[in-house]
Amino acid sequence: MRFSERTEDVIDSFIMKLISVSKEPGMISFATGLPDKRLFDTEGIVKAAASVLEDTESAKDVLQYGTVKGILPLREKIAERCKGSGFSVSEENVFIVNGSQECFDLIGKMFIDRGDDMAVDDPCYLGAIQSFSLYGPKFTGVPMEDDGPNMNNLEAALKRNPKLYYSIPNHQNPSGISYSAEKRKETAELLSSSDCVMVEDDAYGELGYEGRIGPSVRAMNDNVILTGSFSKIISPGMRIGWMIVPDEMTDITMKCIESSSLHANTFSQHIMNRFLEQTDLDAYLKELRKEYKRKCMLMLDLLGDHLPSELEWNTPNGGMFIWLKLKEGADAMRLFESALNKKLVIMPGRPFHINGGGNTIRLNFATADDEEMKEGVRRLSAAYGGLF
């Protein structure tokens with residue numbers, strides 16, 4: 001078959017392969033980006049779905065084709081929620097998409113030609129790298145520090161005149177790192193003197209353990225595309241994400257969505273909108289944050305009890321991930337294979353990097369229950385002890 005040249009550029013999804021492995025009998029997984037399904041409000045979703053469908057005539061409209069931007073009440077709720085991120089936006093700038101992963105494909109279509117420069121935090125979300133790679137950009141990695149990107153490297157990257165800069169300032173996947181207030185401001189200022197458009201992925205912004213940790217970069221610079229999702233806080237299976245675009249992007253965004261999917265899943269949108277109408281979202285998030293913080297602290301305690309002091313890991317203030325570093329020069333793939341033999345799945349950090357990262361590992365503490373987490377860390381310790 002004569003496939004297009006762009007298919008040669010797409011990198012493999014290491015993560016999706018691990019999801020299949022994780023489902024094998026006896027396996028414990030710290031590898032995926034899945035939220036804790038035990039925290040899904042299934043009763044609330046059932047109630048919302050039933051409410052949407054109980055009026056036969058209106059249900060027929062819910063099951064019909066929808067509009068390109070998405071249903072207005074849900075877009076209004078997302079726009080209102082942006083005030084908590086430090087800025088106001090019209091619902092006309094909000095587009096509902098089939099999960100925030102679709103945002104990256106749409107943005108790639110709109111901006112990237114083969115050979116264009118694109119800056120990304122290093123490490124950064126593998127799914128975004130994979131999606132953008134389809135369009136053949138030259139990636140420049142901006143090294144991440146404990147409080148965000150190295151600003152000298154970001155400034156140098158922007159001097160290459162990249163079309164896009166992709167980043168996750170809040171509780172980053174994979175590292176759990178969040179930008180400091182200073183680096184949010186510096187990033188916005190650097191972008192203001194550049195033609196580069198920032199893609200600010202806010203998938204984890206609502207999962208700060210003490211609430212939102214700072215304003216969006218979008219609050220300080222209008223030349224930012226903000227992407228978000230209900231996947232990490234309500235349901236990934238409903239596939240509802242969104243993108244908030246600058247005024248000059250609304251027309252081209254409309255065309256690109258219409259040409260690829262017509263619109264996002266209307267039925268899911270109506271159910272999500274009704275769920276939000278029937279739920280105190282702040283109270284809901286308070287309990288979610290509390291549980292993720294508890295699970296994070298449990299894993300940190302277990303790592304401290306079972307792993308040698310020569311290893312390093314961070315203490316995230318939100319999200320679902322802990323970033324583990326082996327000693328310099330160690331190969332995390334060896335530990336991955338050793339752990340797999342002990343029926344533990346972990347995620348090597350190298351695929352998240354543009355450069356380096358061979359000694360890093362992403363640990364997800366969200367999906368395992370307490371007993372699985374305890375046993376999983378024991379298996380991790382045994383796997384490490386058998387190698388180094």
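No experiment lies behind these values; they were computed from the predicted model shown.

Enquirer: Got a minute to help me understand the overall build of the protein in this structure?
Expert: Helix and strand counts for the protein stand at 13 helices and 14 strands. Counting only C-alpha atoms and orienting by the principal axes, one finds that the protein spans roughly 65 × 50 × 50 Å. Every one of the 388 residues in the protein was classed for burial, and the buried ones make up 56%. Within the protein, residue pairs in contact and separated by at least 24 positions form 77% of the contacts whose partners lie at least 6 positions apart. Total accessible area on the protein stands at roughly 17,000 Å², and carbon and sulfur atoms take up 49% of it. Of the side-chain charges in the protein, 44 are positive and 58 negative, and the distance between the mean point of each set is 3 Å.

Enquirer: Whenever I open this one, the sheet that holds strand β14 (residues 360-364) confuses me. Can you help?
Expert: Pairing between sheet strands relies on hydrogen bonds along the backbone, with the strands arranged either parallel or antiparallel. A sheet is described by the order of its strands in space; here four strands give the open sequence β10-β11-β14-β13, paired in antiparallel fashion. Two strands bound the open sheet, and with one partner strand each, they are β10 (312-313) and β13 (347-348). Relative to the sheet, helix α11 (residues 281-306) contacts β10, β11 (321-325) and β14, its axis offset from that of β11 by approximately 20°.

Enquirer: Sorry if this is basic, but what is going on with the pattern of salt bridges here?
Expert: Once the charged atoms of two side chains with opposite charge are near each other, the side chains can pair. As enumerated under the stated definition, the model contains 24 salt bridges in all. A salt bridge links K109 to D105; the shortest N-O distance between them is 3.6 Å. Residue K109 and its partner D105 are both found in helix α5 (residues 100-111); the two are separated by four residues, about one turn of the helix. For K109, a relative accessible area of 37% translates into the label partly exposed. Ionic pairing is found between D116 and K163, a salt bridge with its closest N-O pair at 2.9 Å. Taken together, the positions of D116 in the loop between α5 and β3 (117-122) and K163 in the loop between α7 (151-158) and β6 (164-167) put the pair 47 residues apart, joining distant regions of the chain. Overall, D116 belongs to the buried group, its relative accessible area being 17%. Through salt bridges with shared partners, a single network forms among R81, E206, D282 and R289.

Each value, and the rule that gives it
Residues numbered from 1 in each chain as written. Predicted model: local features only at pLDDT ≥ 70, side-chain atom pairs only at ≥ 80, totals over all residues. Heavy atoms only, no water. Helix = DSSP H or I, 4+ residues; strand = E, 2+ residues; numbered from the N terminus. Buried < 20%, exposed > 50% of the residue type's maximum accessible area, 1.4 Å probe, protein only. Contact = heavy atoms within 4.5 Å. Areas by Shrake-Rupley, 256 points an atom, 1.4 Å probe, with all protein chains shown as cover. Lys, Arg positive; Asp, Glu negative; His and termini not counted. Charge placed at Lys NZ, Arg CZ, Asp CG, Glu CD. Pairing = 2+ DSSP bridges. Axes fitted to C-alpha atoms, helices over the stretch in contact; angles between N-to-C directions. Salt bridge = Lys/Arg side-chain N within 4 Å of Asp/Glu carboxyl O.

Scope: geometric values only; no functional claims are made or implied.
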